[in-house]
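Structural characterization, general
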Amino acid sequence: MEHNLYHGAFIWVALAFVLLEALYIAFVRKEAYDVRQTAASLGVAVGNTLLRPLTALMVMAVFPFAAQFAPWHLSMTDPWVWISGFIVFEFLYYWMHRVSHTIRWLWASHAVHHSANSFNLPAAVRLGWTNALSGEWMMFLPMVLLGFSPLMVVILLTGNLVYQFFLHTELSPKWGVLEHILNTPAHHRIHHASNTRYLDRNFGGVLIVFDKWFGTFAEDDHSEPVVFGLTTPIHSYNPFVISLREWGRMFGDVMRSKSLGEAAGNLFGRPK
């Protein structure tokens with residue numbers, strides 16, 4: 001569902017923050033900045049932008065149709081509907097994000113976001129090209145069937161992902177007491193880690209509380225350096241390789257399957 005994020009004026013805000021982060025790392029911290037990795041992330045983002053309308057068309061067709069079957073329709077002018085909608089959305093986002101890490105068909109799209117070998121703001125715009133095909137957007141249908149407006153779902157998703165853009169940095173300090181409730185850069189850097197101890201942790205969007213309730217929360221225990229990227233790293237800077245590698249690996253395993261059961265496992269089992 002990342003496809004709703006980068007449109008309109010926000011893309012210029014995002015690019016400005018990417019530039020500021022790069023300048024700070026290069027001239028204040030005096031650390032090497034991987035320009036090629038940033039260029040690759042921006043290339044992937046361009047492809048995502050071009051293909052985003054496909055997913056938007058599917059959402060615009062399916063969500064209003066599903067809304068007809070809701071037993072009631074909650075008012076978007078009621079602040080309590082927005083508060084409850086936010087909580088329901090965050091719950092569904094947590095589970096959508098979690099299954100995107102545990103079902104290979106969904107992971108083939110989501111892996112693109114985890115493919116950057118460094119954790120910085122450009123990694124936030126490294127978004128998959130195949131969201132329409134993978135179908136994780138369907139995880140938000142229950143919210144529509146509960147009577148929340150499809151427009152509210154889109155607004156909450158957009159706000160959720162704009163918020164998450166600013167989590168993709170190592171320059172932020174700890175957020176104090178807010179770390180107990182909100183997803184923060186410190187929490188999200190662990191989500192992007194490929195260390196075995198940190199895999200499949202911190203799935204929250206704005207809130208981190210569902211990770212704590214469902215046992216998927218982790219903090220940096222400083223026992224080893226945090227390594228970013230995929231467990232099988234991508235070293236290519238080609239946006240097509242970055243965006244399509246997991247699909248190629250998955251369908252390659254399907255073609256080599258010796259039974260229908262094995263083929264189904266390669267499509268819908270855990271990522272490899």
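Structure: above.
Calculation notes
- Per chain, the residues get numbers from 1 upward, laid out in the order the sequence is written.
- Restriction of local features to residues with pLDDT of at least 70 applies here, the model being predicted, together with a cutoff of 80 or more for giving and counting side-chain atom pairs; totals for whole chains, interfaces and linings are based on all residues.
- The side-chain quantities take in all heavy atoms of the structure and omit both hydrogens and water.
- Only the six-membered ring of Trp is used, alongside the rings of Phe and Tyr, when aromatic pairs are assigned; centres must lie within 6.5 Å, and planes under 30 degrees apart are stacked while those over 60 apart are edge-to-face, with the rest tilted.
- Starting at the N terminus, helices and strands are each numbered in turn, a helix being any DSSP run of H or I of at least four residues and a strand any DSSP run of E of at least two.
- Exposure is judged per residue with a 1.4 Å probe applied to protein chains only, and the accessible area is read against the type maximum: over 50% gives exposed, under 20% gives buried, and values in between give partly exposed.
- One less than the number of residues in a helix, times 1.5 Å, gives the span that helix is expected to have.
- Any two residues having at least one pair of non-hydrogen atoms within 4.5 Å are treated as being in contact.
- Whenever a nitrogen or oxygen atom comes within 3.5 Å of another N or O atom, the pair is scored as a polar contact, on the condition that within protein one atom can donate a hydrogen and the other can accept it, and that pairs from neighbouring residues in sequence are kept only if both atoms are in side chains.
- Exposure above 30% relative accessible area and the lack of any salt bridge qualify a residue for a patch; like charges then connect within 9 Å, and the nonpolar side chains Val, Leu, Ile, Met, Phe, Trp and Tyr within 5 Å.
- Per-residue and other accessible areas were derived by the Shrake-Rupley procedure at a 1.4 Å probe size, with only the shown protein chains allowed to occlude residues.
- The term salt bridge refers to a pairing of a side-chain nitrogen on Lys or Arg with a carboxyl oxygen on Asp or Glu at a separation within 4 Å.

Some details on the packing of aromatic side chains
We describe a pair of aromatic rings using the distance from one ring centre to the other and the angle between the two ring planes. For the structure on display, the rule yields 23 aromatic pairs. On the basis of an interplanar angle of 90° and a centroid distance of 4.9 Å, the ring pair of Trp-105 and Trp-247 is categorised as edge-to-face. Highlighted residues: Trp-105 in helix H4 (residues 104-110) and Trp-247 in helix H11 (residues 239-255), separated in sequence by 142 residues. Trp-247 shares its class with Trp-105; the two are buried. An aromatic cluster of at least three residues, connected via ring pairs, comprises Phe-91, Tyr-94, Trp-95, Phe-203, Phe-210, Trp-213 and Phe-214.

Comments concerning helix H8 (residues 150-165)
Taking 1.5 Å of rise per residue, the 16 residues of H8 would be expected to cover 22 Å, and the 23 Å separating its terminal C-alpha atoms lies within 8% of that figure. Three or more residues of H8 are buried, namely Met-152, Val-153, Leu-156, Leu-157, Thr-158, Asn-160, Leu-161, Gln-164 and Phe-165. Tucked into the core, H8 has its buried residues touching helix H1 (10-28), helix H2 (35-67), helix H3 (79-102), helix H5 (121-124), helix H7 (141-145) and helix H9 (185-191). For H8, the N-terminal capping position is held by Ser-149, with its side-chain oxygen 3.1 Å away from the main-chain nitrogen of Leu-151.

Remarks on the side chain of Ser-243
Positionally, Ser-243 belongs in helix H11. Apart from residues no more than four positions distant in its own chain, Ser-243 is found in contact with Val-44, Val-112 and Trp-129.

A word on a nonpolar patch on the surface
On the surface, Leu-19, Leu-23, Tyr-24, Phe-27 and Val-28 cluster together to form a nonpolar patch covering roughly 520 Å² of accessible area. Inspection of the secondary structure assignment puts Tyr-24 in helix H1.

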